[in-house]
Every structure is written in C-alpha cells, then in structure tokens.
Amino acid sequence: MRRFLIAALLLTAATPLVAQPDYRGQPRSFRSEIQIQVFRFDNFFQARGGAPEVDMNAAGFEYGVAYRQEENGPDLFGALYAINYARQGTETSFGGRIGMSRFGSVHSFYVYLDRLQNGYAFDIEETTANADITALYGLYTYRIVPDWQVGLSTYNDWTSFDVETGFEGRYNQLEAEVRYRGFGRIFEPRIGYAVGDRDVENNTDSFSHRHWFVQVSTRPVERLDLSLRYRHRTRDYKNLEREEDRGQVQLRALFRHTDRLASVATFTRENVNSSLPGRDFSTGRLFAGLTVGF
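In this report, we go over the structure that sits alongside the text. (Residues numbered from 1 in each chain as written. Predicted model: local features only at pLDDT ≥ 70, side-chain atom pairs only at ≥ 80, totals over all residues. Heavy atoms only, no water.)

1. Some remarks on unusual backbone geometry
A negative phi holds for most residues other than glycine; trans holds for most peptide bonds.
Moving on, step 1. We note that Gln46 has phi near 55°; this positive angle belongs to a residue other than glycine.
Moving on, step 2. Counting through the fold element by element, Gln46 comes out in the loop between β1 (29-42) and β2 (56-68).
Moving on, step 3. Even without being a glycine, Asn118 presents a positive backbone phi close to 55°.
Moving on, step 4. For Asn118, the position within the fold is in strand β5 (residues 107-119).
Moving on, step 5. According to the relative accessible area criterion, Asn118 is buried, its value standing at 18%. (Helix = DSSP H or I, 4+ residues; strand = E, 2+ residues; numbered from the N terminus. Buried < 20%, exposed > 50% of the residue type's maximum accessible area, 1.4 Å probe, protein only.)

In structure tokens:
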C-alpha cells in the first residue's frame, strides 16, 4: 500500500478518486482496498457576481483492485466508486475506472480511463445539471540522471448532461513538468506548464487554457507525506472578449498508520478573476479519506 499512497499523493493531475491498490512485493499478486471519503465544498455551483452561494457536504466510498502478473511487470487496476451529496434534489454520483501503471527507477507510466455518471462538471461554468464525464489520463516520467526527472502527461474528457445545457463538449490538455530529487524525500520541488483547449456546443464558452505550477513535496517523518502546490491558470474565451485568471492553492497530507491503513486529506482553494464585470468568484474543497488495504 505504501507505494500506491505515495504515488497518489505526488501525481499532480490525480484527484482523490484516482486510486490503485499497492503492489506488496509478490508476483501474481492480487490486492484490493476500500476508501471511505468525506467532502466539504464551498460555493459548490460556482455562483458569481454576488449570487447566493451553496455549500455542500458529501460522503463517498470506493473499492479498488489491482493485479501484477510478474514481479517487475505493470499493475493492472480497476475501481468502482460512489458519492452521495447531502442536499435535497441531488443524485448520487457513481462511476468506474480501469488502468495500468508501472513505477520504475528510470521509466514510469500511469494511465487510466474513467467514467462518471450523475456527477458535476466543476470545470464548466456554474451549471447545476448532472454531468456524465468520460476521462482519459496518461503520464510518463523519465529520470534523466539520479537527481532530475521529467514528465509529460495528457488529460482528455468528454462531457454531456442529463438536460440540454449548451456546455456539452470535450477538453484536451498536455502538461510537462521537471522535478528535482537531489535533496531526497525531505524536499522535492517541481515545476510544470500546460496548454489545453475546451470546445463546447454553444461556442461562446469554448476557451483555450494555459497554466503553470510550482509544487513542493516533503516527508518530515517516515509515515507522513506533505505536498503544497500553487497553480495559476489563464482562460481565453474564443468567441468573445473574455479572459479569466485562476489562482489555486492545494495542500495534501497523507499519514500511514500501518502498511494497510492510511489517512489522506486535501484542501484546495481557488480564486477566479474575470475581465467581465460581476464574474469573479471563489471556491474551495476539503477532502478526507481513510484507506484500508487487503
């Protein structure tokens, strides 16, 4: 479990739902885990311009399995998950994921396909309709020399809604990063840059995207991993004079109680400044999970 938990903490594009049970050191090993999750969302629907904000609590559950046929081979993994929102009129979100990964001393990769039903598209305006999202993510890293590692990732999603909204469409992103590992686990800085593009049916909400980030990971004690990241995103909308700057701070903490039991928490805060009047807003999310491996 330790190996998975560290990888999940450090993967910058991963969300709390992207999970893969860890390899325990035995070939032809099947393993599984459950994660109990709680969420707190501030300004859940991303209300803008002084409109009433809705805060939301939610609880989630995920069951994941993984299999490695050979000792040095890749992991095959899958998961089923559900999130229940504590507000009348909301539906339970559920989904599944399959993927493959391998974390080597020089070459590493991590790829998954995820399908979410009755979810919410937090990256698409403030629509309150339920979203169905198919996402494909892939990451490859290469350790050039012992102290330097580079990585390239892609994230792509296809979004539809349970009612016609005009926000149906697709998103594609490519991100590069550089990581320095010469200080050991006590201090691991990294920087990255990404470009992306979202096309939606109503055209006026299609945009190009770019962001940069800086991140520091540390292990002050053996069982505790911490990560602090700042990301600055800029959106240029394609069919009208509109630009948004989005600054986001994210703090993650993971504590390994035992090899089979761990706690993880993530706090995220984002401030959005728009070139259009009355379009600024702030939003936040607190996530906590308890993971039990089998």
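2. Remarks on the nonpolar core
Moving on, step 1. The biggest cluster of nonpolar side chains holds 12 residues, and these are Phe39, Phe41, Phe44, Phe45, Met56, Ala58, Ile83, Tyr85, Tyr120, Leu254, Val264 and Phe287.
Moving on, step 2. Among the elements of the structure, β1, β2 and β3 (75-85) are those that each provide at least two residues to this core.
Moving on, step 3. Listed in part, the nine residues of the second largest apolar core include Ala121, Ala131, Ile133 and Phe167. (Core = buried A, V, L, I, M, F, W, Y, C linked by side-chain atoms within 4.5 Å.)

3. A look at the environment of Arg235
Moving on, step 1. Within the fold, Arg235 resides in strand β11 (residues 224-237).
Moving on, step 2. Each C-alpha atom, one on Arg235 and one on Arg246, is 8.3 Å from the other, the two residues being 11 residues apart in sequence.

4. Looking at the pattern of salt bridges
Moving on, step 1. Tallied over the entire structure, the rule returns 24 salt bridges.
Moving on, step 2. In this structure, Arg170 and Asp199 form a salt bridge, with 3.2 Å as the shortest nitrogen-oxygen distance. Of this pair, Arg170 sits in strand β8 (residues 169-180) while Asp199 is found in strand β9 (residues 188-200), placing the two residues 29 residues apart along the sequence.
Moving on, step 3. A salt bridge links Glu270 to Arg233, with the nearest nitrogen and oxygen atoms 2.9 Å apart. With Glu270 in strand β13 (residues 261-274) and Arg233 in strand β11, the pair connects residues that are 37 residues apart, well separated along the chain. Taken as a pair, Glu270 and Arg233 share a single burial class, namely buried.
Moving on, step 4. When salt bridges that share partners are traced, they join Arg48, Asp205, Arg242, Glu244 and Arg246 into one network. (Salt bridge = Lys/Arg side-chain N within 4 Å of Asp/Glu carboxyl O.)

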